[in-house]
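# Reading the structure
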Amino acid sequence: MNIRDFIKDADNFYAHKDGKVKEVETVEEHSNLALEYAKKIIFNKNLEPLIHNIGKSFLEEENSFLLWEEMFYNTIYLHDLGKVNINFQADKMKNKLFKNYQNRSSHHSFASAKLYFDIYFKKIKELENKDDKKSLRIFLCLNMFVISKHHGYIDCYSKFISDLEIASKDFLNNYEALYSAIQNIELIQKENILKNTREKTSDKRKELENKEEWGCIDLYIYTKLLFSLLVSSDFYSTSDYMSGSPVNDFGIIDDINEFYSNFKNTSTYNHIQDYSKNRKNKDFNNINEARSELFLETEENLLKNLDKNLFYLEAPTGSGKTNTAINLSLKLIEKDNNLNKIFYIFPFNTLVEQTRQTLEECFSGETYSKIGVINSLTPLYNETNEENEIRINNKTVDFKKILLDRQFIHYPIVLTTHVNLFNWLFGIGREDNFALAQLANSVIVLDEIQSYKNSIWKEIAIFLNKYAKILNIKILIMSATLPEIGDLTINSNDFIKLIQARNKYFQCEYFKNRVIPDFSLIDEFKNSDKNEFLKILCDKCVEEYKNNKKVLIEFIMKKTSLEFFKLLKEKYPETHVNLLNGDDNLIDRKNIINEIKQNDLPVILVATQIIEAGVDIDMDTGFKDISILDSEEQFMGRINRSCKKDNCKVYFFNYNNEKAIYKDDKRIEYNLLKEDIREILKNKNFNIYYSKVIESLESQSFENNNNNIAKFKEEEIVNLKFSKIQKKLRLIDPKEHEYTIFINREIKTDNGILSGEKVWEDYKNLLENKLLEYSEKRVKLSKIIADVNYFTYKVSKNNFTHNDNIGDIFYIENGEEYFIKFDGVLKFDREKFEGKESLFEFI
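Calculation notes
Residues numbered from 1 in each chain as written. Predicted model: local features only at pLDDT ≥ 70, side-chain atom pairs only at ≥ 80, totals over all residues. Heavy atoms only, no water. Phe/Tyr/Trp six-rings, centres within 6.5 Å; stacked < 30°, edge-to-face > 60°. Helix = DSSP H or I, 4+ residues; strand = E, 2+ residues; numbered from the N terminus. Buried < 20%, exposed > 50% of the residue type's maximum accessible area, 1.4 Å probe, protein only. Pairing = 2+ DSSP bridges. Patch = residues over 30% accessible without salt bridge, like charges linked within 9 Å, V, L, I, M, F, W, Y side chains within 5 Å. Areas by Shrake-Rupley, 256 points an atom, 1.4 Å probe, with all protein chains shown as cover. Salt bridge = Lys/Arg side-chain N within 4 Å of Asp/Glu carboxyl O. Lys, Arg positive; Asp, Glu negative; His and termini not counted. Charge placed at Lys NZ, Arg CZ, Asp CG, Glu CD. Axes fitted to C-alpha atoms, helices over the stretch in contact; angles between N-to-C directions. Contact = heavy atoms within 4.5 Å. pLDDT = per-residue confidence, 0-100.

Under the definition given, this model contains 54 aromatic pairs. Aromatic pair Phe422 and Tyr452: ring centres 5.6 Å apart, planes at 90 degrees, arrangement edge-to-face. Of this pair, Phe422 sits in helix 20 (residues 418–426) while Tyr452 sits in the loop between strand 7 (443–447) and helix 23 (457–471), placing them 30 residues apart in sequence. By relative accessible area, Phe422 is classed as buried at 6%. Summarising the aromatic geometry, the rings of Phe519 and Phe652 are spaced 5.9 Å apart at their centres and angled 20 degrees between planes, so their arrangement reads as stacked. Placement of the pair is Phe519 in the loop between strand 10 (516–518) and helix 26 (520–524) and Phe652 in strand 15 (residues 649–653), with a sequence separation of 133 residues. For Phe652, a relative accessible area of 0% corresponds to the buried category. Counting every residue linked through ring pairs, the aromatic cluster contains Phe145, Tyr157, Phe160, Tyr220, Phe422, Phe426, Tyr452, Phe463, Tyr467 and Phe722.

Quick look at the structure:
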């Protein structure tokens, strides 16, 4: 289309002003540039076949599909047509050509949507195929919905459609002046047309769902993809006009050999290839042979199933899952030219950091620099290094590009958290949806999937399966205790096991017998006094310590970990004891772990569940308060990781009530108080354990409550209630009565002393700085927020005295009075701050 066909005197209507190169940008120029960027994204991400497949799956005739395709692209091209509203021109653009305007709405998004409807309603009506006409009307309304929301968020499609008649009246009342600028559009003013369209599209959507179970998700993903393309193209084109800098690098893997050749040059890969020349398959002589066999078997099974999208990698702790996953990801892209990005997703930031270090060993130089880490703890750039680079090379920092790269995930390989991934898949805001188009034609590795909230595993499995098929996403799901979530869908055969004979590895002595579980403390002290039991436990830990061992003891509550830490220090002041829990900042955590790794001396480390995943330590003996079986196995993975020690044990005990943490988790029904679950842990038969859990979750999905899957589908998904779907698929529920405090103190870092007072003042000054450009401010905020995190804590007490605040963050001046000090190490004491009871005593 040519937008000039619809706008009289097109040169008079502006879309933006104050650009770096031109003073004003016309609606026509912006529309052309937005469409150009949409085509760039589609070309770079190989999206055209995926887009075509969506359209053809709904339509019977070729001419219907051609109209559908035209409607798709013109959703983007015509998204700002409503800016010909003279109120918008006069009020927002200060366009001197429109001085005399009525004091009415200057909004343009709904006007654009309504004009789009008027253009295409008539074209659809002229088609002969009735089913295609019904389907196209659905897309007409969806596209209209996307246009109307492109400056906000996609909340509830069904509400938008039901309010369409009222909104249309408002449009007619407030936009009369719009018509004088429009030509060649037959404006539809009859209310019954909108009403009939709403009713017919509602009936057709239900008909489609009856035709294919979960077919309603296809329309959900279509809407999200179109919204992603529209808001991305709009943002890119506006940024291009404002900065004068076009975007041409979308951060894709355009040459897989650049990455794969790096990986193939590593010593690990070469050792595996040497092993492959004389494979044993079983009865391995050492742990590296077992790891090599697992690496090769998974690759072979992957190559047999390249037409599939969802893969399980169930492998024992310490079996080299990270290297195996990297190889599988690169192999998938090597075999499918459409794939061009890798996303590595973790439940914890510690795993992100640990895997980044592994990737540094796999990729070098320019290749490693293309890896992006996206989380709240990693600044967008290292300010100190960049400033040095500027002085040497006489160049300036391009803050706009740095921010744009982060917002649109312009990195070939991305390390991030599952919260970010779920925001991209199910979020409703503009920035959440920037990344969705980048996920298409990508490989996604989901690590430690058992950490995801299991009350929504069924919904996760169904949506992942749909996303994978429609957007050609290859998803690798991996864990040592892997729930086969595909069993919760109607298409469980879509999930492929990359390890066929799991017992070959799980029963291998290097994994199965590396650590022996001991349950004697559970039975021996079943009815003992809690205080007395802690003293006995204290004695047992010190006994192991005196045998020149590194001892790890985990409690499931912070309060108990601190209590036990104090008891050890008081009763055995000469022992080397440390404490690690969720109240330790990244610097303290790193120092504690490095000290244990680099020092061969015996030590007792008291910890919470933060130790279970992503902490690369090798301890000799473990003691653990029982919780869920996944956690028990993860904890055992911290003991004898090297497999070089004999008779390493983990002693399990039952102290705190795990239901306080896992109250809605089906897995607490199957814990180590039961003999059969103990046998499962000893023999690593986690498939038996998870068959029980999956069966419970399947039963739960049919209960007549909020967990009912049919109700969720019929009420939320069929009606495209995006905000309700987002809420349902939220991994972490917000906590009530939660307050963020900033405790001022000094923290010792590798670069000197970090002053809490200075960090607070710098943060406050940066927020209040009105002179910085938005992009520079966002980039610099990412650096200082990383520092702010070192000083912040979540608390439940609300009547504390504070000295300052920035929004909902409260500054506490004399912070050290709430810490206890042992051997020069400060530990946050929640009892001092909150009193005896605390809602935040976990992890």
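Past the structure itself, the notes keep going.
Further remarks concern the pairing of strand 4 (residues 342–346). The buried fraction of strand 4 is high, at 5 of 5 residues. Burial of the side chains of strand 4 extends over both faces: Ile342, Tyr344 and Phe346 are buried on one face and Phe343 and Ile345 on the other. In this sheet, strand 6 (residues 413–417) lies alongside strand 4 in parallel orientation, the contact comprising 5 bridges. The partner of Ile342 across the bridge, within strand 6, is Ile413. Judged from the 4 bridges that link them, strand 4 and strand 7 form a sheet pairing that is parallel. Among the inter-strand pairings, Tyr344 is bridged to a residue of strand 7, identified as Val445.

Taken together, the side chains of Lys125, Lys130, Lys134 and Lys200 define a basic patch exposed on the protein surface. Locating Lys125 in the fold gives a position in helix 5 (residues 109–125). Overall, the relative accessible area of 54% leaves Lys125 in the exposed class.

Glancing now at the sheet that holds strand 16 (residues 739–743). Taken together, 4 strands build an open sheet; the order of strands is 19-16-21-20 and the sheet is mixed. Only two strands of the sheet have a single partner each, and these edge strands are strand 19 (792–795) and strand 20 (804–806). With strand direction ignored, the average angle separating the axes of adjacent strands in the sheet is 30 degrees. With 4 bridges connecting them, strand 16 and strand 19 associate as antiparallel partners. Bridge pairing in strand 19 links Phe742 to Thr792. Where helix 35 (residues 756–768) meets the sheet, its contacts fall on strand 16, strand 20 and strand 21 (809–812), and the angle it forms with strand 20 comes to roughly 45 degrees.

Our next topic: the confidence of the model for the protein. When pLDDT is averaged across the protein, the result is 88; 93% of the residues are at 70 or more. Within the protein, helix 18 (residues 383–393) has the poorest average pLDDT of any element, 42, and helix 3 (residues 62–77) the best, 98. Counted against residues more than four places away or in other chains, residues 836–843, with its pLDDT under 50, gives 31 contacts.

With that settled, consider the environment of Thr367. Structurally, Thr367 can be placed in helix 17 (residues 365–368). With relative accessibility at 4%, the residue Thr367 sits in the buried group. Residues in contact with Thr367, not counting those within four places in the same chain, are Glu258, Phe259 and Asn262.

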